[in-house]
Amino acid sequence: GEVKQGSVDEVTGLDPSSYPVRNPRIASKTIRFLQGFLPESFSSRPGDHFPALGVSANPMSTSHSRSVVSETSGRLRGGLARIGLQLGDPVFIRVFKEENELELWMKPAGKPDYTLFKVYRLRDWAGSPGPKLREGDGQAPEGFYYVSSSRLIPDTKHHLAMDLGFPNDYDEYHGRTGSDMLIHGGGKHAGSFGLDAGDMSEVYTLAQAAMKDGQRFFRVNVFPFRMTDKRMEQEWKRQPRWISFWQNLKEGYDFFENVNYPPDVAVEAGDYVFSLH
């Protein structure tokens, strides 16, 4: 029906008459960055604020993964070198459900931001746009996750895999449950993101090399779609169930879009909050 100015949607609690495309808190931080605010850590090692990683429960490699990594490393070196990258550079991943895409970004030595290395096509992902709520709901998660060496899975029926670490602090705050949410190669797996085996070999090889060279973990940001202002305006008009949640995800999306550097992510009062680190 017709939307009245100032009315509030009963599901989202939001005024559906207009979509607020700018977030002043995020804008102020990215402006400071673009004006030359560079934390000292940006000029040396990646400088992440590390989550509590614990003791590695999985080996980073097995005979299977070593064979795959050895062959894949040789194939990757030339393509990396052509754009100023090398094996061992820090990595960062973004996943977009609607577009069926996984972006792999890398941070060249001596540079303050990340460069897009490659966009991989997702073979499949579980469920529909929207977050995972509970074990067995058939949904793949959305949000801000990280993968440490203990979450690399070098020998599995899915060729190679990495565990996103669902539920994260945000998911637990909101009572969301589930386990074994993976990025993997080949086959189907409930709640996960599937790549061709060859593509997964590349993603795994680059992730493992980054960790061996000192990156303690890498971030994986999972979005329902590319969260442009125009795309969010479409969702705002439809008033889907998850518009408030997606607004919060868009803050992190915009942060990276402005500075090509993944923000530090924390949870405060049930919301994701983002900062330079």
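Preceding this paragraph is the structure being described.
Read on for a plain summary of the structure. (Residues numbered from 1 in each chain as written. Predicted model: local features only at pLDDT ≥ 70, side-chain atom pairs only at ≥ 80, totals over all residues. Heavy atoms only, no water.)

**Thoughts on the pairing of strand β3 (residues 115–125)**
Thought 1: As judged from the six bridges shared by strand β2 (residues 101–106) and β3, these two strands associate in the antiparallel manner. For methionine 106, the partnering residue across the bridge sits in β3 and is threonine 115.
Thought 2: In terms of strand pairing, β3 meets strand β8 (residues 193–195) through three bridges, oriented antiparallel. Residue aspartate 124 lies in a different strand from β8, and its bridge partner there is glycine 194. (Pairing = 2+ DSSP bridges. Helix = DSSP H or I, 4+ residues; strand = E, 2+ residues; numbered from the N terminus.)

**Remarks on the pattern of salt bridges**
Thought 1: For the structure shown, the criterion picks out 18 salt bridges.
Thought 2: Among the salt bridges present, the one from arginine 75 reaches glutamate 71, with a minimum N-O distance of 3.1 Å. A residue pair is termed a helical-turn pair when its members lie 3 or 4 positions apart in one helix, as arginine 75 and glutamate 71 do in helix α2 (residues 63–82) at four residues.
Thought 3: Among the residues examined, arginine 75 registers a relative accessible area of 43% and is labelled partly exposed.
Thought 4: In this structure, glutamate 101 and arginine 226 form a salt bridge, with 2.7 Å as the shortest nitrogen-oxygen distance. Within this pair, whereas glutamate 101 is found in strand β2, its partner arginine 226 is found in the loop between β9 (217–223) and α5 (229–238), the two being separated by 125 residues in sequence.
Thought 5: For arginine 226, a relative accessible area of 22% gives the class partly exposed.
Thought 6: Because the salt bridges share partners, they merge into one network encompassing Arg94, Glu101, Glu103, Arg226 and Glu257. (Salt bridge = Lys/Arg side-chain N within 4 Å of Asp/Glu carboxyl O. Buried < 20%, exposed > 50% of the residue type's maximum accessible area, 1.4 Å probe, protein only.)

**Quick look at the packing of aromatic side chains**
Thought 1: The final tally for this structure, using the stated rule, is 17 aromatic pairs.
Thought 2: On the numbers, 5.5 Å between centres and 85° between planes, the contact of phenylalanine 223 with tyrosine 253 is edge-to-face. Of this pair, phenylalanine 223 sits in strand β9 while tyrosine 253 sits in helix α6 (residues 243–259), placing them 30 residues apart in sequence. The same class applies to phenylalanine 223 as to tyrosine 253, namely buried.
Thought 3: Between the aromatic rings of tryptophan 242 and phenylalanine 245, the centroid separation amounts to 6.4 Å while the plane-to-plane angle is 75°, which identifies the pairing as edge-to-face. Across this residue pair, the class does not change: tryptophan 242 and phenylalanine 245 are buried.
Thought 4: Through a chain of ring-to-ring contacts, three or more aromatic side chains come together here, namely Phe96, Phe144, Tyr170, Phe223, Trp242, Phe245, Tyr253, Tyr272 and Phe274.
Thought 5: One residue, arginine 226, lies across the ring of phenylalanine 96, its end atom 4.0 Å from the ring centre. (Phe/Tyr/Trp six-rings, centres within 6.5 Å; stacked < 30°, edge-to-face > 60°. Lys NZ or Arg CZ within 6 Å of the ring centre and 35° of its normal.)

**Description of the side chain of aspartate 264**
Thought 1: Within the fold, aspartate 264 resides in strand β10 (residues 264–268).
Thought 2: By relative accessible area, aspartate 264 is classed as buried at 11%.
Thought 3: Here arginine 219 takes part through its side chain, which lies 2.8 Å from a polar atom of the side chain of aspartate 264. (Polar contact = N/O pair within 3.5 Å; in protein donor to acceptor, adjacent residues only side chain to side chain.)

**Details of the environment of lysine 132**
Thought 1: Inspection of the secondary structure puts lysine 132 in the loop between β3 and β4 (143–148).
Thought 2: You can call lysine 132 buried: its relative accessible area is 3%.
Thought 3: Residues lysine 132 and aspartate 171, 39 residues apart in the sequence, show an inter-C-alpha distance of 8.6 Å.
Thought 4: The contacts of lysine 132, once residues within four sequence positions are left out, are Asp137, Gly138, Gln139, Ala140, Pro141, Phe166, Arg176, Thr177, Gly178 and Met181. (Contact = heavy atoms within 4.5 Å.)

**Remarks on helix α4 (residues 197–212)**
Thought 1: Helix length check: α4, at 16 residues, gives a terminal C-alpha distance of 22 Å against a target of 22 Å (1.5 Å per residue), a fit within 8%.
Thought 2: Among the 16 residues that make up α4, 13 are buried, leaving the element largely enclosed by the rest of the structure.
Thought 3: Just downstream of α4 lies glycine 214, where phi reads positive at about 120°. (Expected span 1.5 Å × (residues − 1).)

**Observations regarding the packing of α2 against α4**
Thought 1: Packing of α2 against α4 leaves a shortest axis separation of 9 Å and a crossing angle of 85°. Here α2 is positioned roughly perpendicular relative to α4, judged by the angle of their axes. Contact residues: Ser65, Val68, Val69, Thr72, Ser73, Arg75, Leu76 and Leu80 in α2; Gly198, Ser201, Glu202, Tyr204, Thr205, Leu206 and Gln208 in α4. (Axes fitted to C-alpha atoms, helices over the stretch in contact; angles between N-to-C directions. Parallel < 35°, antiparallel > 145°, perpendicular 65-115°, else oblique.)

**Let's talk about the sheet that holds β3**
Thought 1: Overall, mixed pairing links the nine strands, which are arranged β4-β9-β1-β2-β3-β8-β7-β6-β5 in an open sheet. In this open sheet, the two strands that pair with only one neighbour each are β4 and β5 (152–156). Neighbour-to-neighbour, the strand axes of this sheet turn through a mean angle of 30°, independent of strand direction.
Thought 2: Relative to β2, strand β1 (residues 91–96) is paired through six bridges, and the arrangement is antiparallel. From the neighbouring strand, valine 95 faces β2, where its bridge partner is leucine 102.
Thought 3: Each of β1, β2, β3, β4, β5, β6 (159–163), β7 (182–185), β8 and β9 touches α4; the most contacted strand, β6, lies at about 55° to it.

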